[in-house]
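The lines below spell out each chain.
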Amino acid sequence: MRFSLPTRQSVLLVATLLLWGCGGGLGIGITDGGPVGTGISASVVGNVVAVEDFEAVENTADLGSASATGEAPELEGLASVDGIDVSLVEFPDLATTTDTDGNFSIDGEFSGAVTLRFQTTDFETEQELDIPTGGVVVLSDIELDADGVTAEAGRQILGAGRVREVNCAAGELRVEDRDGDRLDVTLIDDTEFLRGGSAASCDDIRKRDDIAVEGLLDDLGGRGVTALRIVIGPDDSPPQLERQVALRGNIIVIDCDAGGIAIHDGKHLVRIRLPADAVIRTPQDRPLACEDLTLGDRVTGGGTLNLRAPGVIRGQVVIVGGRQAPDFELPIRGLVIAADCDEGILQVARQGAVVSVRILPDTRIRAPRQFVCEDLPVPNGTTVEGKGVVSEDVLGGLDAVELKFKRVTRRP
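Just so we're clear, the structure is a prediction, and the values are computed from it rather than from any experiment. (Residues numbered from 1 in each chain as written. Predicted model: local features only at pLDDT ≥ 70, side-chain atom pairs only at ≥ 80, totals over all residues. Heavy atoms only, no water.)

**Points about the overall build of the chain**
Then, in step 1: When its secondary structure is counted, the chain shows 1 helix and 27 strands.
Then, in step 2: Within the chain, the fraction of its 412 residues that count as buried is 53%.
Then, in step 3: Counting contacts in the chain only where the partners sit at least 6 residues apart, residues at least 24 apart contribute 68% of the total.
Then, in step 4: Of the accessible surface of the chain, which amounts to about 17900 Å², a share of 45% is contributed by carbon and sulfur atoms. (Helix = DSSP H or I, 4+ residues; strand = E, 2+ residues; numbered from the N terminus. Buried < 20%, exposed > 50% of the residue type's maximum accessible area, 1.4 Å probe, protein only. Contact = heavy atoms within 4.5 Å. Areas by Shrake-Rupley, 256 points an atom, 1.4 Å probe, with all protein chains shown as cover.)

**Remarks on the side chain of Thr120**
Then, in step 1: Considering the arrangement of structural elements, one finds Thr120 in the loop between strand E6 (112–119) and strand E7 (124–131).
Then, in step 2: From its side chain, Thr120 meets the backbone nitrogen of Asp122 in a polar contact 3.1 Å long.
Then, in step 3: Beyond its immediate stretch of four places on either side in the chain, Thr120 contacts Val51, Ile84 and Leu144. (Polar contact = N/O pair within 3.5 Å; in protein donor to acceptor, adjacent residues only side chain to side chain.)

**Points about the state of the cysteines**
Linking two cysteines covalently through their sulfur atoms gives a disulfide.
Then, in step 1: A full pass over the atoms with the stated rule returns 2 disulfides.
Then, in step 2: Across a sulfur-sulfur distance of 2.0 Å, Cys168 and Cys202 are joined as a disulfide pair. Because the torsion about its S-S bond is -90°, the bridge between Cys168 and Cys202 counts as left-handed. Taken together, the positions of Cys168 in the loop between strand E9 (148–167) and strand E10 (172–176) and Cys202 in the loop between strand E13 (198–199) and strand E14 (210–217) put the pair 34 residues apart, joining distant regions of the chain.
Then, in step 3: There is a disulfide in this structure between Cys256 and Cys290, and the S-S distance comes to 2.1 Å. One quick way to see it: the torsion about the S-S bond of Cys256 and Cys290 is about -90°, and its sign makes the bridge left-handed. Of this pair, Cys256 sits in the loop between strand E16 (242–255) and strand E17 (260–264) while Cys290 sits in the loop between strand E19 (279–281) and strand E20 (297–306), and the two are 34 residues apart along the sequence.
Then, in step 4: Residue classification places Cys256 among the partly exposed positions, given a relative accessible area of 23%. (Disulfide = S-S within 2.5 Å.)

**A short note on the sheet that holds strand E3 (residues 85–88)**
Then, in step 1: On the basis of which strands lie adjacent, the open sheet formed by 4 strands has the order E4-E3-E6-E7 and antiparallel pairing. Only two strands of the sheet have a single partner each, and these edge strands are strand E4 (91–97) and E7. Ignoring strand direction, the axes of neighbouring strands in this sheet form an average angle of 25°.
Then, in step 2: As paired elements, E3 and E6 share 4 bridges and run antiparallel to each other. Counterpart to Leu88 in the pairing with E6 is Leu116. (Pairing = 2+ DSSP bridges. Axes fitted to C-alpha atoms, helices over the stretch in contact; angles between N-to-C directions.)

**Regarding the packing of aromatic side chains**
Then, in step 1: What the rule picks out here adds up to 2 aromatic pairs.
Then, in step 2: With 6.0 Å between their ring centres and 45° between their planes, Phe91 and Phe110 make a pair best called tilted. Taken together, the positions of Phe91 in strand E4 and Phe110 in the loop between strand E5 (103–109) and E6 put the pair 19 residues apart, joining distant regions of the chain.
Then, in step 3: Residue classification places Phe91 among the buried positions, given a relative accessible area of 14%.
Then, in step 4: Where Phe104 meets Phe118, the ring centres are 5.6 Å apart and the plane angle is 80°; that geometry is what we call edge-to-face. (Phe/Tyr/Trp six-rings, centres within 6.5 Å; stacked < 30°, edge-to-face > 60°.)

**Notes on unusual backbone geometry**
Then, in step 1: Phi angles above zero are rare outside glycine, and Arg208 is one such case at about 70°.
Then, in step 2: One can find Arg208 in the loop between E13 and E14.

**Overview of the environment of Gln316**
Then, in step 1: Within the secondary structure, Gln316 is located in strand E21 (residues 312–323).
Then, in step 2: Using a relative accessible area of 29% as the deciding quantity, one classes Gln316 as partly exposed.
Then, in step 3: Once residues within four sequence positions are removed from consideration, Gln316 is found in contact with Gln244, Asp277, Ala278, Val279, Gly302, Gly303 and Thr304.

**Some words on the pairing of strand E24 (residues 353–358)**
Then, in step 1: Counting buried positions over the 6 residues of E24 gives 5, a clear majority of the element.
Then, in step 2: Of the strand pairs in this sheet, strand E23 (residues 345–350) and E24 are connected by 6 bridges, and their pairing is antiparallel. Residue pairing in the sheet places Ala349 in a bridge with Val354 of E24.

**Digging into the pairing of strand E15 (residues 225–232)**
Then, in step 1: For E15, the buried fraction is high: 7 of the 8 residues fall into the buried class.
Then, in step 2: Where strand E11 (residues 182–186) meets E15, 2 bridges bridge the pair, whose relative direction is parallel. Looking across to E15, one finds that Val185 is bridged to Val225.
Then, in step 3: Of the pairings in the sheet, the one linking strand E12 (residues 192–195) to E15 comprises 4 bridges and is parallel in character. Following the sheet pairing, Arg195 is matched in E15 by Ile232.

Here's what the structure looks like:
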């Protein structure tokens, strides 16, 4: 192969979205000024990983027939993720700024439809949210550009709600928060039910039961949530900064050297750090190591989420429950850091790991005009997104089904 791959250290400097272990100080909070609203505290927390402008690559072509790019230029940093102003439009006294790792937290007495505003030195952009009373909305790995907000995952944590309707056969619950506003909950086969610390089931839920719900938002701006964990009769202990959360998805990134994986459920991407004491096993309790994992593996389990550094979940129990069919499509998204155009293989950096993406003659390339490989400004000028299947020929790589290239406009 004829490309020069940057060192791992260089790749991790490209942008904070490539870091597994982003920490965050606990001093993030709200500015002076009394909160207003419900009288019950709620939170919006998240982490910004990139502030970028994208322009479509002007030229497109069959990458497989192009020549190699040769030596990659030195990496240059993208825009900084610290010092971004974050506020709620409807509650101007509730505002903060991102820390050095892009983390932010807005806590106060608010609920209902709110507008989360991000303001950089060059532009501002907004995201509509709907916050249950006393709830927490977690937006993980946020990318900002002038056109809007993109979050890799949106998680809803409702500490206490009351069941108004339950239909276990249909996998549906209707829950009301403390102000009587509705939350539509979808149950799936992987939903975990607990009562008093012991396993329970949907059939144990009755109308007017108090429950806690933790799951992934069906839409960032709505209240529909796919439940991963439901606690029947939750206690009234004060909210903790570290929360127990459930895991569900297929592995799309593996980096055992850095001790992390990333999973995707078709809509949300979740990064998982695997500390030395994490338990990785099969459903039959056979122990596994990180090196036993393969792209496409099905993962469930649980871990802890630090609300002041919500980009990465600390895995505690990771259950690997089988492998998807060979034609199961996985998402491709990241920064192109190198290209071997003779072989039609791109090296794509995402979430701390580098994945090989092979372009085949039938790969659909979405771009307005013809493109030649030399037009790819690597390693820090082009992002790619699309989907692919696990390659039978490229170890640990993906064969691209569809790709779309965008050019990164770096900021001073």
